[in-house]
Amino acid sequence: MNIGIVCYPTFGGSGVVATELGKALAEKGHHVHFITYKMPFRLDTIIPNVYYHEVLISDYDLFDYAPYELSLTNKMVDVALHENLDLMHVHYAIPHASAAYTAKQILAESGKSLPYITTLHGTDITLIGKDPSYKEVITFALNQSDRITAVSESLRKDTLMHFVVKKDIQVVPNFICAENYIENPNGSLRSTYAPNNEKIIMHVSNFREVKRVEDVLKTFLILRKEISARLILVGDGPDRHKIEELCREEGCEDDVVLLGKLTQTISIRSIADLFLLPSQTESFGLAALEACASGVPVISTNTGGLPEVNIHGETGFLSDVGDVDDMAKNALTILKDEETLKAFKDRAREHSRKFDIDKVLPLYEKLYEEVVKS
Ligand code: GMT
């Protein structure tokens, strides 16, 4: 099939899912055309059957805000016609679903059918989508989608609660490519960050408010009173400066390493003993699944789709949002002895295999076949 994929190319779960999905489809022989305003960060190598079409946004003095959705729609129409696309799969509803709807109407004028599938990733529904300035358009574009998918049961329910959606919403979870994950951590990398065999606590995110990165540091400060530990923070974003300030105030700079954005996180994740994800909400929590795939237990909040990924008492523990004392207590339960830690690590890795690409890819392929036939 010739498949168009529209996503955000920046550091974020929806872009990662879209990119890894496109790569897996290409490996199976499909021709995959990415349409975005920048090269997705995990696509930056030559991959057979993968093509990248940049949306050029023309600016003009008259515009205070360049009309991105218009340029995107135009590019979708152009690629669909010239690459003979069978379908468009848009990741993140805003503004991709409404752009796909318009592209579909334009193409129909020239006799070309272009079904589109909308995959909801979370903040497009839970934070931004329900904003009154978007809601009517999103509702319409969702209802016009040939298929809608959501990344967790929790997001499916949230969508139905906030929008009048008349179509079925199918849950297709986030996934990992299990074979890429490292079984045995690199000893020298580990001793670089934990020279005295400290426990390594890790967090990976885009440091947005919803991630509550301050709670990561607060949890770390509590547990570090009991055990010798170091904190590695991967990623960057608006709340980074707050963390740096808090570290200085608490005098813990020597034990907290901020690595910034990394395009590939598999090797650094493999050296962690525990992953912290204290988010306000997560529709799924791909970061938690990626931690499990690396054999790293997860301490997370109990909101959104996190309980579908992090199994309380098995792969880690769940706490209420903001309850850093409980998170620290749970972390210490896991880290208290090597036997307990190993049992959590093994179960986390085992559990992640339920979300392997081998199990999720056929779900998307089946949807593609259905929309193309109908
Ligand atoms: O979490 C973010 O800030 C990024 C966001 C995105 O849209 O890229 O991630 C969302 O989609 C991911 C992939 O489906 C999910 O795993 C994340 O849980 C979800 N984030 C939130 O719901 C906050």
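Notes on the structure in this doc start here. Fair warning: this is a prediction, and the values are worked out from it, not measured in the lab. (Residues numbered from 1 in each chain as written. Predicted model: local features only at pLDDT ≥ 70, side-chain atom pairs only at ≥ 80, totals over all residues. Heavy atoms only, no water.)

Observations regarding the site of the ligand
For clarity, the cut-off: Nearness of a residue to a molecule or strand requires only that one of the residue's heavy atoms be within 4 Å of it. Two N or O atoms form a polar contact when they lie within 3.5 Å of each other; inside protein one atom must be a possible hydrogen donor and the other a possible acceptor, and for residues adjacent in sequence the pair counts only when both atoms belong to side chains. Using a 1.4 Å probe, accessible areas were evaluated by the Shrake-Rupley method; residue-level cover was limited to the displayed protein chains. Domain delimitation in this document rests on an assignment produced automatically or drawn from a domain database.
Taken together, 16 residues form the shell around the ligand, and within it Ser 14, His 121, Asn 174, Lys 211 and Glu 282 come nearest. One of the side-chain N or O atoms of His 121 is found 2.6 Å from an oxygen atom in the ligand. Here the ligand, which alone exposes 480 Å², has 93% of that area covered by the protein. Domain assignment of the residues forming the shell around the ligand places at least three in each of domain 1 (2-175 + 356-373) and domain 2 (178-354).

Details of the packing of helix H8 (residues 213-223) against helix H9 (residues 240-250)
For any two helices packed against each other, the geometry comes down to the angle between their axes and how far apart the axes lie. Quick reminder of the rule: Throughout, an axis means a line fitted to C-alpha atoms (over the contacting stretch in the case of helices), and angles, computed between N-to-C directions, take values from 0 to 180 degrees. Comment: elements are numbered from the N terminus, with helices defined as DSSP H or I runs of at least four residues and strands as E runs of at least two. We call two directions roughly parallel when the angle between them is under 35 degrees, roughly antiparallel when it is over 145, roughly perpendicular when it lies between 65 and 115, and oblique otherwise. Handedness of a crossing follows from how the near helix is turned relative to the far one, being left-handed for an anticlockwise turn of less than a right angle and right-handed for a clockwise one. Only heavy atoms enter the contact rule, under which two residues are in contact if any of them lie within 4.5 Å. Residues are grouped as follows: Ala, Val, Leu, Ile, Met, Phe, Trp, Tyr, Cys and Pro are nonpolar; Asp, Glu, Lys and Arg are charged; every other residue, Gly included, is polar.
Relative orientation of the contacting elements H8 and H9 amounts to 25°, with a least axis distance of 9 Å. Taken together, the axes of H8 and H9 are roughly parallel relative to one another. Crossing of H8 against H9: the hand is right-handed. For the pair H8 and H9, the contacting residues are Val 213, Glu 214, Leu 217 and Leu 221 in the first and Lys 242, Ile 243, Leu 246, Cys 247 and Glu 250 in the second. When its residues are assigned to classes, the contact of H8 with H9 shows six nonpolar, no polar and three charged.

Re the pattern of salt bridges
So the rule is basically this: Each salt bridge in this description consists of a side-chain nitrogen of Lys or Arg and a carboxyl oxygen of Asp or Glu lying within 4 Å of one another. Each residue is placed in one exposure class: buried if its accessible area under a 1.4 Å probe, protein chains only, is under 20% of its type's maximum, exposed if it is over 50%, and partly exposed if it falls in between.
Tallied over the full model, the rule gives 22 salt bridges. In this structure, Lys 342 and Asp 346 form a salt bridge, with 2.6 Å as the shortest nitrogen-oxygen distance. Of this pair, Lys 342 and Asp 346 both sit in helix H14 (residues 338-352), four residues apart, which is roughly one turn of the helix. The exposure class of Lys 342 is partly exposed, given its relative accessible area of 49%. Owing to a relative accessible area of 40%, Asp 346 belongs among the partly exposed residues under this scheme. Shared partners join several salt bridges into a network, and the residues in it are Glu 20, Lys 23, Arg 42, Arg 269 and Glu 290.

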